[in-house]
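Here is what each chain is made of, one letter per residue.
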Amino acid sequence: QVQLVESGGGLVQAGGSLRLSCAASGRTMSNYVMGWFRQAPGKEREFVAAIHWSGGSTYYTNSVKGRFIISRDNAKNTVYLQMNSLKAEDTAVYYCAADGALRGISRWVDEYDYWGQGTQVTVSS
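Per chain, the residues get numbers from 1 upward, laid out in the order the sequence is written. It should be noted that, the model being predicted, local features are given only for residues of pLDDT at least 70 and side-chain atom pairs only at 80 or more, the latter also being counted only at that level, while totals for whole chains, interfaces and linings use all residues. To get the side-chain values, all heavy atoms of the structure are used, and hydrogens and water are removed first.

A. Highlighting the overall build of the chain. For the chain, the count of helices and strands is zero helices and eleven strands. For a compact globule the rule gives 2.2 Å times the number of residues to the power 0.38, and the radius of gyration it is set against comes from C-alpha atoms. In summary, the chain has a C-alpha radius of gyration of 13 Å against a globular reference of 14 Å for 125 residues, a match within 12%. Looking at the 125 residues of the chain, the share that counts as buried comes to 42%. Should any heavy atoms of two residues lie within 4.5 Å, those residues are counted as being in contact. Considering only contacts within the chain whose residues lie at least 6 apart along the sequence, 58% involve residues at least 24 apart. Only carbon and sulfur atoms are counted for the fraction: they give 46% of the accessible area of the chain, which is about 6200 Å². For this count, His and the chain ends are skipped, Lys and Arg are scored as positive, and Asp and Glu as negative. Each charge is placed at NZ for Lys, CZ for Arg, CG for Asp and CD for Glu. Within the chain, one finds 12 positive and 10 negative side-chain charges whose respective centroids are separated by 6 Å. Strands here mean DSSP runs of E at least two residues long; helices mean DSSP runs of H or I at least four residues long; both are numbered from the N terminus. Think of it in three bands: with a 1.4 Å probe and only protein chains considered, a residue is buried below 20% of the maximum accessible area for its type, exposed above 50%, and partly exposed in between. Methods summary: accessible areas were calculated by the Shrake-Rupley approach with a probe of 1.4 Å, and residue burial reflects only the protein chains presented.

B. The arrangement of the side chain of T61 in detail. You can see T61 is positioned in the loop between β6 (58-60) and β7 (68-73). Residue class for T61 comes out buried when judged on its relative accessible area of 13%. Beyond its immediate stretch of four places on either side in the chain, T61 contacts F47, V48 and R107.

C. Inspection of the sheet that holds strand β8 (residues 78-83) at higher detail. Here, strands pair whenever DSSP counts at least two bridges between them. Read across the open sheet, the four strands follow the order β1-β3-β8-β7; overall the sheet is antiparallel. Each edge of the sheet is formed by a strand with only one pairing partner; in this case those strands are β1 (3-7) and β7. This sheet shows a mean twist of 15 degrees between the axes of neighbouring strands, independent of strand direction. Here β7 runs beside β8; their pairing, made up of six bridges, is antiparallel. Among the inter-strand pairings, F68 is bridged to a residue of β8, identified as M83. Comment: axis = line fitted to C-alpha atoms, over the contacting stretch for helices; angle = value between 0 and 180 degrees taken between N-to-C directions.

D. Spotlight on the pattern of salt bridges. Salt bridges are defined as contacts in which a side-chain nitrogen from Lys or Arg sits within 4 Å of a carboxyl oxygen from Asp or Glu. Scanning the model with the defined rule gives three salt bridges in all. Put simply, D90 and R67 hold a salt bridge, and the shortest N to O gap is 2.8 Å. Placement of the pair is D90 in the loop between β8 and β9 (92-99) and R67 in the loop between β6 and β7, with a sequence separation of 23 residues. As far as the burial class goes, D90 and R67 line up, both buried. Each member of the salt-bridge network shares a partner with another, and the members are R38, E46, R67 and D90.

E. Quick peek at the packing of aromatic side chains. Working definition: a ring pair exists when centres of Phe, Tyr or Trp rings (six-membered ring for Trp) sit within 6.5 Å. Plane angles under 30 degrees give stacked, over 60 give edge-to-face, the rest tilted. Counting across every chain of the model gives six aromatic pairs. Considering the side-chain rings of F37 and W115, the 5.0 Å spacing of their centres and the 55 degrees angle between planes classify their relative orientation as tilted. In this pair, F37 is assigned in strand β4 (residues 33-39) and W115 in strand β10 (residues 114-115), connecting sequence segments 78 residues apart. Overall, the relative accessible area of 0% leaves F37 in the buried class. Both rings, one in F47 and one in Y59, keep their centres 5.6 Å apart while their planes meet at 35 degrees; by these two values the pair is tilted.

F. Structural view of the nonpolar core. The definition of a nonpolar core used throughout is a set of buried Ala, Val, Leu, Ile, Met, Phe, Trp, Tyr and Cys residues joined through side-chain atoms within 4.5 Å. Core analysis: the biggest nonpolar cluster contains 30 residues, and L4, M34, W36, L81, M83 and Y94 have the highest contact counts within it. For this core, the secondary structure elements donating two or more residues are β3 (18-25), β4, β5 (46-52), β7, β8, β9 and β11 (119-124). Of all hydrophobic cores here, the second largest spans six residues; its members include V33, F37, A97 and Y112.

This is the structure we're talking about:
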């Protein structure tokens, strides 16, 4: 089993920044893909960004490219999502997820095995 705990959400003005953290425990994460997803009220959960834990390759959805950066700290078993130039439409609950299926980075919710509890990000305009 993998446990994921997110932190770092909050209220920020448009144009501001936040850094989300996802602490992983329970297994060696070296073969996992770690993803960030978000879900706004009344909308489906959507892919934001992902990183392969061992190789460090990354993938972003178009709406956050150039504004968000995903990274990981192997020593701390933690994945980060640095969010810059935040917009009102970034408001959502953000979830960390882990995919252990030994494949390339996926953007599909159903292909992730483990999920955190979520952290609220609210951007005021």
